[in-house]
Amino acid sequence: MPSITSGVINGARMRRPSNSRQRTHIRTFHSAQSAFVTFVVSNNGICYKPCQCHGITRVSKAKVMNDVVDTVVVGGGAAGLSAALFLGRAGRSTLVFDGGKSRIFSVEEVREHLGFDGMPTAAFMAQARAEAVRYGADIRSEHVHSIVPCEDGLFWVEATGSRVAARTIVLATGVIDDLPPLSGLPEAWGRDVRVCPCFDGYEVRGKRFVVFGLPERLAHMASWVWMWSRDVTIVSRHRFNEADAERLRLLDINIIPDEITGLVHRDGKLVGVSTASGGGEIACDATWIAAEIRAASGLAASLCEVDEIGLARTDKDGRTNRSGVFAVGNADNAVAHLAHASAAGTAVGPVVTMYLLEQILAERRNTKAA
């Protein structure tokens, strides 16, 4: 136990660590009993509760709460809502934190999702939310700031307007695209600037394509979109290795050694791209960008092992290396499509439910043994 100093908090005399490596901060929240409860939380995430005997007790903050939710889902996209739908139907108390628009909102219509193809994205997401709520999910439009594992296996979740304890966590936080600062790009993102022909290549099939972005991914991207159009041009000063150069030659993909500076629209329609050389516009009907992507949230990195872009490392069932923490959709698979994300959320539901069952059994065994 670190050295401690005295203090009085909410009328309860306490001692708290004074060691500089055990810095603490005070948190007060309103409990289910309508009484304010104060905790000291050390910088290493250990939870302490004040007591009347001039000391502190190292426990979970959830111990003072009557209600502990079975699952907190972080992320209100297709993956998170699919998980919430299953868990709700399994009778599990589920709280979904939706801190912002899902990446799917960058396009206007859902594609390549059987039963939903062509459905407006907003309508698709509204229906998904309604279905999860129908089975008891509580959806809050709040951003989760932190998740702290507690000693008893529970998790302390702090969001913009909520503090809650949970038995399990499902991360469905997705990815974000790091886009270059090109003129006209924000307006064209998801419409004239595309990232995956699997999703919307059909809508521009046979048109004039321009491909640009990360040099190491250009050959793959250009050859892949070639399956939707034979008119493909790469704009890049990158010097391709022999294997990539041969691939592009065999497909008659043109390479212009320049750098794109902006997208050119006339009457609201993409007509070409401008370049750094100032040699005139390069005409096109659609552009494809090989963009940098990374985890949209640092929560996974604070809880479990992650890969080089911050996505959770999971097994085939969505389990991370931390017991009780799961990840689905783009939170553990950067290239998962919308249908994959929905399926992943559904698939993790029974895994989480079985985990909760095993926790109940363990608790009853311990009670019986005592």
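Please refer to the structure placed before this passage.
Cut-off values and rules
- Per-chain numbering applies: the sequence of each chain, read as written, is numbered from 1 onward.
- The predicted nature of this model means local features are confined to residues of pLDDT at least 70 and side-chain atom pairs, given and counted, to a pLDDT of 80 or more, with totals for whole chains, interfaces and linings taken over all residues.
- Just so you know, side-chain values use all the structure's heavy atoms and leave hydrogens and water out.
- To qualify as a helix, a DSSP run of H or I must reach at least 4 residues; to qualify as a strand, a run of E must reach at least 2; elements of each kind are numbered from the N terminus.
- Exposed residues in this analysis have more than 50% of their type's maximum accessible area, buried residues have under 20%, and partly exposed residues fall in between, with area computed by a 1.4 Å probe over protein chains only.
- Throughout this description, a polar contact denotes any pair of N or O atoms lying within 3.5 Å of each other; where both atoms belong to protein, one of them has to be capable of donating a hydrogen while the other can accept it, and for residues adjacent in sequence the pair is counted only when both atoms sit in side chains.
- Here a residue-residue contact requires only that any non-hydrogen atoms of the pair lie within 4.5 Å.
- Cysteine sulfur atoms that pair up within 2.5 Å are treated as a disulfide.
- Centre distance within 6.5 Å is the pairing criterion for rings of Phe, Tyr and Trp, where only the six-membered ring of Trp is used; planes under 30 degrees apart are then read as stacked, over 60 as edge-to-face, and the remainder as tilted.
- For two strands to be treated as a pair, DSSP must find no fewer than two bridges joining them.

Undergrad: Would you mind showing me how to read the side chain of Ser82 here?
TA: With respect to the helices and strands, Ser82 occurs in helix 1 (residues 78–89). Owing to a relative accessible area of 14%, Ser82 belongs among the buried residues under this scheme. A distance of 2.8 Å separates the side chain of Ser82 from the backbone oxygen of Ala78, its partner in a polar contact. For Ser82, the residues in contact, after removing those within four places along its chain, are Ser342, Gly345 and Thr346.

Undergrad: Hey, could you run me through the state of the cysteines in this one?
TA: Defined simply, a disulfide is a covalent bond joining two cysteines at their sulfur atoms. Per the counting criterion, the structure on display carries zero disulfides. With no disulfide of its own, Cys196 has Cys198 as its nearest cysteine by sulfur position, at a separation of 3.7 Å.

Undergrad: Can you walk me through the packing of aromatic side chains in this structure?
TA: Given two aromatic rings, one states the distance between the centres and the angle between the planes to describe the pair. Taken as a whole and assessed by the stated rule, the structure comprises four aromatic pairs. Judged by centre distance (5.1 Å) and plane angle (80°), the ring pair of Phe116 and Phe124 falls under edge-to-face. The class of Phe124 is buried, set by a relative accessible area of 6%. Ring plane angle 85° and centroid distance 5.1 Å describe the contact between Trp224 and Trp228, whose orientation is recorded as edge-to-face.

Undergrad: Looking at this structure, how should I read the sheet that holds strand 19 (residues 269–275)?
TA: Sheet strands pair via backbone hydrogen bonds, and the direction of the pair is either parallel or antiparallel. Taken in spatial order, the three strands make up an open sheet running 18-19-20, and their pairing is antiparallel. Looking along the sheet, the strands with just one partner apiece sit at the ends: strand 18 (260–266) and strand 20 (282–283). In this structure, strand 18 lies alongside strand 19, joined through six bridges in antiparallel fashion. Bridge pairing links Ile260 to Thr275 in strand 19.

Undergrad: What exactly am I supposed to notice about the pairing of strand 12 (residues 163–171) here?
TA: Two faces belong to every sheet, and in a regular strand the side chains alternate between them. Where burial is concerned, most of strand 12 is hidden: seven out of the nine residues are buried. Relative to strand 12, strand 7 (residues 69–74) runs parallel, the two being bridged by five bridges. Counted as the bridge partner of Val73 is Val170 from strand 12. Relative to strand 12, strand 11 (residues 155–159) runs antiparallel, the two being bridged by four bridges. Paired with Glu158 across the two strands is Arg163, which belongs to strand 12. Turn length for the strand 11-strand 12 hairpin, with the two strands adjacent in sequence and antiparallel, is three residues. Pairing of strand 12 with strand 23 (residues 325–327), which is carried by three bridges, proceeds in the parallel orientation. The residue of strand 23 that forms the bridge with Leu171 is Ala327.

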